[in-house]
Amino acid sequence: MRRSSLVATALSAVVVLAILAPSPVLAQAAAGRASGAQPAAHKVAPDGKKILTLADYGPWKRITSAAISDNGAWMTYTFTPNDGDDTLFVKSLDREQIYTEPTGTVPTGRGARGAPGGGGGGAGGAPQFSDNSQWMAYFVNPPAAAKGRGGRGTAPGRRGGNGDTALKADSAANRDTNTARHLELLNLATGAKYDVPNASGFQFAAGSEWLAIKMNGAPADTSHHGTDLLLRRLATGATQNIGNVNEYDFDDAGKMLAYTVDAADKLGNGAYVIKLATGETRVLDSRPMEYAGLAWRDSSTSLAVLRGEKPKNMEQRENVLLAWPDAATSAAVQWDDANVAKGFVLSEYAAPKWSKDGTRIFLGVKEQEDVPPKSSEPQANLDVWHWKDTELQSQQMIQINQLRHATFASAFTLANRRFVQLADSSIKTVTTTDDGRWAVGGDPTPYEYDYSEGQPSRADYYRINTATGERTLIAKHVLQTMGASPDSKWFLYLADQHVMAYDLVTGKTVNVDAATGRSFINTDNDQAGEKPIWGVAGWPKDGRSVLLYDKYDIWSLPLDGSKGRDLTDGAGAAAEVQLRVADLTPSARGARGGRFGGAPAAAIDLSKAQPLTAYGEWTKKSGYWEMPAGGGKPAPLLWEDKMIGQVQKAKHADRVIFTEQTFREFPDYWASNAKFATPRKVTDANPQIADYAWGSRVLINYTNSAGRKLQGTLTLPADYQPGKKYPMLVYIYEILSNTHHAFSMPVYDDRPHMSEYASDGYLMFEPDIVYETGKPGSSALDCVTAAVNKVIALGYADPEHIGLQGHSWGGYESSYILTQTSMFKAVVTGAPLTDLISMYGELYKQSGSWNGGILQTSQGRMGANVTPWNATALYESQSPVFNVTKITTPFMILQGTADGAVDWDQGLEFYNAARTNGKKVIWLSYPDEPHHLAKTPNQKDFQIRMKQFFDHYLKGAPAPDWMTNGLAQVHKGAPIH
């Protein structure tokens, strides 16, 4: 239900809508026309351009998996159409050269250094450049038709000539006969390609001399986990096959490959390392046992692994830690679980993790259990919900695998062979500092049954010495923490609306904002719980201060508690532009994360100029500015009346790629130097936009009844004529004006698309909503009606033809507004909360958690300790279902029966209440669908019916039969007329 008001989150939400690839189906008839009929001729706008309809959605493409090579010479990206196959592009940024590969489908995001055992950076399928920028590896899926998906159309074919080099397969037969996903390795200089059928993952070695490729095993073989591993020397193509490999990983220097063997009958099981220069293989340890958790230490040749087996009739494997200070030469340091607390074992569920200096290894321990006895008698199927449960049974059901694999963090010091358990049943999770000397953990047990804030989430925080296990109290009753500094000395948390810094070495606590006399609390956050700070910008390299954000600027606050300084000299506040530190540092090959938390962000060198992101609160302009070395007024580098984002910098070159978008401009990628000078467009995913009538946007300023300045973004019809009044559809959630420059991507889902409605003569309006505690519905009513009245007063909207739509929390708001005003002539409410009292006692089924916390202090905003028992009248006043008798507007409800966020019964209650009271209500209930419709046929069906509903009530179009007479079960599946 939650949607942040921050621009970054708004952009993320827009990107999610644009990137999620819906399942393809056979193309459906044009919006609202009978299924199976030929599409009608395109409606044409007065300017001769086509009016966008659902039937046009198929070819529209999202750009996924964009990445830039380390030398900045190449970029890769994938075009993913709504219907049809994906196409991977590898494009030179310096020459007219591009490689294309149909069906090169990959998930969003660039491959990071992979965890052992799964295949490194390519385990998930993301394309990845080698670090010398001479190679690229990626996965290719079979065409949609071969997978039985149908209806997605045909991907663009391979092109030749004119600088467009087609990828050449080593074996045409392999391409023609293999219908499973396969790996392709591309030589960027020559275009030559090496195909590997049935690969599951891959990893380049640092230095790009080697590539390891993990193969899939036989589907029916469950006796062991090892499969073939291909080790390919990239310069020569020489390939070695290593059998029965389970886990594998290159060291950071790319000089050695470590791997474990898991073979049938455990024959040859062990841990091995290959010296890549010579090919020499060293057997580190070999026994008929299982090996797990292979772990190199960063920038070293230190290696660790667990070896163990399950004792008879016991549930957990009993493991031994093996650690080699130098995997090339040294003997193993061995430590077994005999010294672990009685009844516990070292667990393979927590991979070993080295401290940065190599003095400690962090591990996990788990309680040993007997294998439950088997019975031939039928067993009861029972869940015992008990008042002492700190986590509801429903949460435990969702988290069952996580709970079964949960371990307690521990530390082993190599020098004195001392083992210390850091976590336990009271402090279940700890985070180690970057140097491994300290850990910090929270004990929530004193507050487990305190529901005054909705649900227990506070804790008493402790510093834990990883060498001795000694615990020292940092602070009690803490809700919000902000992590440790990169130098491992400071830990930040919030207390009484002040930022506190705890010195992990001395135990001293400093209030870092008191002397400055300025609050860094985000007062724009109108939820009813403890308000967070605007954010931590980072930690300077000198270790003497911490950087915090206020609403607009960046502050340096000394860690000795003295007065801080506004690093950006008030430039953000003066222009009402939100300035934030931009980390353009390319991602490293991947910090070796792990069970106990990854390393903090790198320290900021304030002796150098710093790039900043910039966002105009009221203008909606965005881009990048630069703060001079040492601080001072920043100057714009790229500052446009657009939404700028998705920046990536080449690791070894002065080049970045980024996107620009507006309502009329698709977020294609651009390339420039790191100062954003002379940018040039790289991609052109949807040139067909020029063929369609497309709207435009203006910002609307208004105030609510409390005088709060607010904004909304108004989409004007494609044929907009000043002075003419248009039908208008209002779409609501919380803060939406920050989507002013978001491109309206035609995509199958369960929302009204601004591009389609504007193309067909509608105004589309998205106003901001702010809230008063205890009055979420009333607040929405106040802000939305004020916004709509402003649009009417400005002469845009026809007041007799205005509709309203919202989904989830927007569904709640639209349902409540429906009961309070006749301003809207038609309302569509999706997955709505309608009865706050019954909702309070229900579950958020996606997580299994209780909804009470959401309603009290989170999105519901009813107030801390404000419950249906002590504020019954308030809950009823804010519930649509208790106000149903006031409805005067025809409305339609959308809900999936498998909704895991807002229970299907919420829609049922509202429908029955409205129907019983004689209201014009239609409920579109989609079996087995979640909170947002997931099946493409249902998405299309709903978009057609929603458009027909609004066209009838707002534009006077004839009502289809299903709207007039309903649809009996015996006619279910009939075409939409």
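For clarity, every value in this text was computed on a predicted model and none was experimentally measured.

1. Some remarks on the overall build of the protein chain
- Scanning the protein chain from terminus to terminus reveals 14 helices and 55 strands.
- Expressed as a percentage of the 977 residues in the protein chain, the buried residues total 56%.
- Taking as baseline every contact in the protein chain between residues at least 6 positions apart, the subset at least 24 positions apart corresponds to 58%.
- Element-wise, carbon and sulfur atoms account for 51% of the exposed surface of the protein chain, whose accessible area totals about 39,600 Å².

2. Some details on the environment of Thr889
- In this structure, Thr889 sits in the loop between α11 (872–877) and β54 (891–896).
- For Thr889 and Ala826, which are 63 residues apart along the polypeptide, the C-alpha to C-alpha distance reads 6.0 Å.
- Of note is the side chain of Thr889, whose polar atom sits 2.9 Å from the backbone oxygen of Phe824.

3. Here we look at the sheet that holds strand β17 (residues 290–296)
- If you walk across this open sheet you meet the four strands as β17-β18-β19-β20, and the pairing is antiparallel. Each having just a single partner strand, β17 and β20 (333–336) make up the two edges of the open sheet. Averaged over all pairs of adjacent strands, the angle between their axes in this sheet comes to 20°, without regard to strand direction.
- By the bridge criterion, five bridges tie β17 to strand β18 (residues 303–309) in an arrangement that is antiparallel. Residue Ala292 lies in a different strand from β18, and its bridge partner there is Leu306.

4. Some points on helix α8 (residues 809–818)
- Within α8, 10 of the 10 residues are buried, which leaves it mostly tucked inside the rest of the structure.
- Taken together, the buried positions of α8 are occupied by Trp809, Gly810, Gly811, Tyr812, Glu813, Ser814, Ser815, Tyr816, Ile817 and Leu818.

5. Overview of the packing of aromatic side chains
- Evaluation of the coordinates by the stated rule reveals 38 aromatic pairs.
- Ring centres of Tyr77 and Phe79 lie 5.5 Å apart, and the angle between their planes is 40°; this geometry places the pair in the tilted category. Each member of the pair Tyr77 and Phe79 is classed as buried.
- Judged by centre distance (6.0 Å) and plane angle (80°), the ring pair of Phe520 and Trp555 falls under edge-to-face. Of the two residues, Phe520 sits in the loop between β33 (509–511) and β34 (536–538) while Trp555 sits in strand β36 (residues 554–558), which places them 35 residues apart along the sequence.

6. Details of the environment of Gln455
- By the secondary structure assignment, Gln455 is in the loop between β27 (438–443) and β28 (459–465).
- Judged by relative accessible area, which is 35%, Gln455 ranks as partly exposed.
- It is 9.0 Å that separates the C-alpha atoms of Gln455 and Thr857, two residues lying 402 residues apart in sequence.
- When sequence neighbours within four positions are dropped, the list of residues in contact with Gln455 reads Asp450, Trp850 and Gly853.

7. Concerning the sheet that holds strand β16 (residues 280–286)
- Strand order in the open sheet formed by seven strands is β10-β11-β12-β13-β14-β15-β16, and the pairing between neighbours is antiparallel. A strand with exactly one partner marks an edge of an open sheet, and here the two such strands are β10 (199–204) and β16. The average undirected angle you get between the axes of adjacent strands in this sheet is 40°.
- Strand direction decides the pairing type here: β10 and strand β11 (residues 210–215), joined by five bridges, are antiparallel. When the sheet's bridge partners are listed, Ala199 is paired in β11 with Met215.

Rules used throughout
- Residue positions are counted from 1 within each chain, in the order its sequence is given.
- For this predicted model, a pLDDT threshold of at least 70 governs which residues receive local features, and a threshold of 80 or more governs which side-chain atom pairs are given and counted, while totals over whole chains, interfaces and linings are taken from all residues.
- Only hydrogens and water are set aside when side-chain values are computed; all heavy atoms of the structure are taken into account.
- Helix and strand assignments follow DSSP, with helices taken as H or I runs no shorter than four residues and strands as E runs no shorter than two, numbered in order from the N terminus.
- Between buried and exposed lies partly exposed: a residue is buried under 20% and exposed over 50% of the maximum accessible area for its type, with that area taken using a 1.4 Å probe on protein chains only.
- Contacts were defined at the residue level, with two residues in contact if any of their heavy atoms lie within 4.5 Å.
- For every accessible area listed, the method is Shrake-Rupley and the probe measures 1.4 Å; residues are considered covered only by the protein chains on display.
- For the purposes of these results, a polar contact is taken to be a pair of N or O atoms within 3.5 Å, where, inside protein, one atom must be able to donate a hydrogen and its partner to accept one; residues adjacent in sequence count only when each atom of the pair is a side-chain atom.
- A pair of strands is labelled paired if DSSP reports no fewer than 2 bridges between them.
- Here, axes are lines fitted to C-alpha atoms. For helices the fit covers the stretch in contact, and angles between N-to-C directions go from 0 to 180 degrees.
- A pair of Phe, Tyr and Trp rings is counted when the ring centres sit within 6.5 Å of each other, with Trp represented by its six-membered ring. The angle between the planes then sorts it: under 30 degrees is stacked, over 60 is edge-to-face, the rest tilted.

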